[in-house]
Amino acid sequence: MNDRKPVDAAAVAIMIVLCAIWGSQQVAIKLVAGAMSPLLQMGLRSGLAGLATLAIVLWRGEGRVINRQTLAPGLAIGLLFGTEFLLAGEALRFTSASHVTIYLYTAPIGAALALGLLRPDERLRAGQWVGIALSFAGVVLAFSGGKEGAGYPDGRLGDALALGGACGWACTTLVLRNSSLANAPASVTLFYQLMGAFVLCTLAAPVLGETAVSLTAPLLASMAFQVVVVAFLSYLTWYALLRRYSAARLGVLSFMTPLFGVAAGVIVLGDKLDAAFIGGALMILGGIIIVSTADALPARLFKRRFRPAVNS
């Protein structure tokens, strides 16, 4: 079943563009937060991109997959994806876009840990445990840095919300891997996720008093970028790559995203990065890469596998 092509120069070039797009989305949201709250931005962009995705689903004749068999897990991933967006949107109110980007990308660590404990076929190698420990230590180090000097007196609250969003992302992965959606078309899965985010975020916005909108040219440009480029075209391109190339290798390349996100935050928004956060971020990214590439390393390096302590 391993009929995917190895990653070539074209795939690397496309992934660099995609990572730059994904990394800049938090910056695009924060840049116009004064005109529309991040939470409402995420809700509206998800709804519009969800409608475009539904059009693709129907055009491809995949609408039959939206049925009773996929509805329950679809609602679950919609709720979890929406929770991720809700928490990430609120995090942007209290901390920098750079921090939100880094903390959201701890999600693969949580997913790998949970899958390793719950599924015998996903049990972790020794090297992966090292990567998880390194990332956890990185989070602790990053949290130890001061936020007041960077202009975010409630920065730790924002960081915690971003980590909560990462948990939502990790749980989404668990549901996808252990439900009927594992074999569903990617466009159908994306539709469920986007519509869940649309419903949850747009319902939460009035509850939290975040419905004020000031139509400006930067806001319209940012929303166009978020809807058309980020939430629609980039995800469809990503899923197209997954059909042709090795998912594991593409996944490793995707971890350029936080680097682009931090760079965009510093250049565009003037984010201040303290030494603790920089060191912690590097440890987090290093741990993620170790966890994601352990299976690609020579088997003799990680011959022993750690079995979960709980019943499987």
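Provided above is the structure to which this section pertains.
Everything numeric here is computed off the predicted structure, so don't read it as measured data.

Remarks on the nonpolar core
Okay, so step 1: Ranked by internal contacts, the top residues of the largest apolar core, which has 68 residues, are Met15, Trp22, Ile102 and Trp238.
Okay, so step 2: At eleven residues, the largest contribution of residues to this core is made by helix 9 (residues 217–244).
Okay, so step 3: The residues contacting Ile102, other than those within four sequence positions of it, are Pro258, Val262, Phe277, Ala281, Ile284 and Leu285.
Okay, so step 4: Listed in part, the seven residues of the second largest apolar core include Val65, Ile77, Leu181 and Ala184.

Quick notes on the pattern of salt bridges
Okay, so step 1: Inspection of the entire model under this criterion finds two salt bridges.
Okay, so step 2: Between Glu90 and Arg93 there is a salt bridge, with its nearest N and O atoms 2.7 Å apart. Of this pair, Glu90 and Arg93 are both found in helix 3 (residues 68–94), three residues apart, which corresponds to roughly one turn of the helix.
Okay, so step 3: You can call Glu90 buried: its relative accessible area is 9%.

Notes on the packing of aromatic side chains
Okay, so step 1: Summed over the entire model, instances satisfying the criterion amount to seven aromatic pairs.
Okay, so step 2: Between the aromatic rings of Phe191 and Tyr192, the centroid separation amounts to 6.1 Å while the plane-to-plane angle is 45°, which identifies the pairing as tilted. Each member of the pair Phe191 and Tyr192 is classed as buried.
Okay, so step 3: Of the aromatic side chains, those joined through ring pairs into one cluster are Trp22, Tyr235 and Trp238.

Side note on the environment of Ala205
Okay, so step 1: Structurally, Ala205 can be placed in helix 8 (residues 186–207).
Okay, so step 2: Spatially, the C-alpha atom of Ala205 lies 9.7 Å from that of Gln41, the residues being 164 residues apart in sequence.
Okay, so step 3: Once residues within four sequence positions are removed from consideration, Ala205 is found in contact with Leu39, Leu40, Glu210 and Thr211.

Conventions we followed
- Residues numbered from 1 in each chain as written.
- Predicted model: local features only at pLDDT ≥ 70, side-chain atom pairs only at ≥ 80, totals over all residues.
- Heavy atoms only, no water.
- Core = buried A, V, L, I, M, F, W, Y, C linked by side-chain atoms within 4.5 Å.
- Buried < 20%, exposed > 50% of the residue type's maximum accessible area, 1.4 Å probe, protein only.
- Helix = DSSP H or I, 4+ residues; strand = E, 2+ residues; numbered from the N terminus.
- Contact = heavy atoms within 4.5 Å.
- Salt bridge = Lys/Arg side-chain N within 4 Å of Asp/Glu carboxyl O.
- Phe/Tyr/Trp six-rings, centres within 6.5 Å; stacked < 30°, edge-to-face > 60°.

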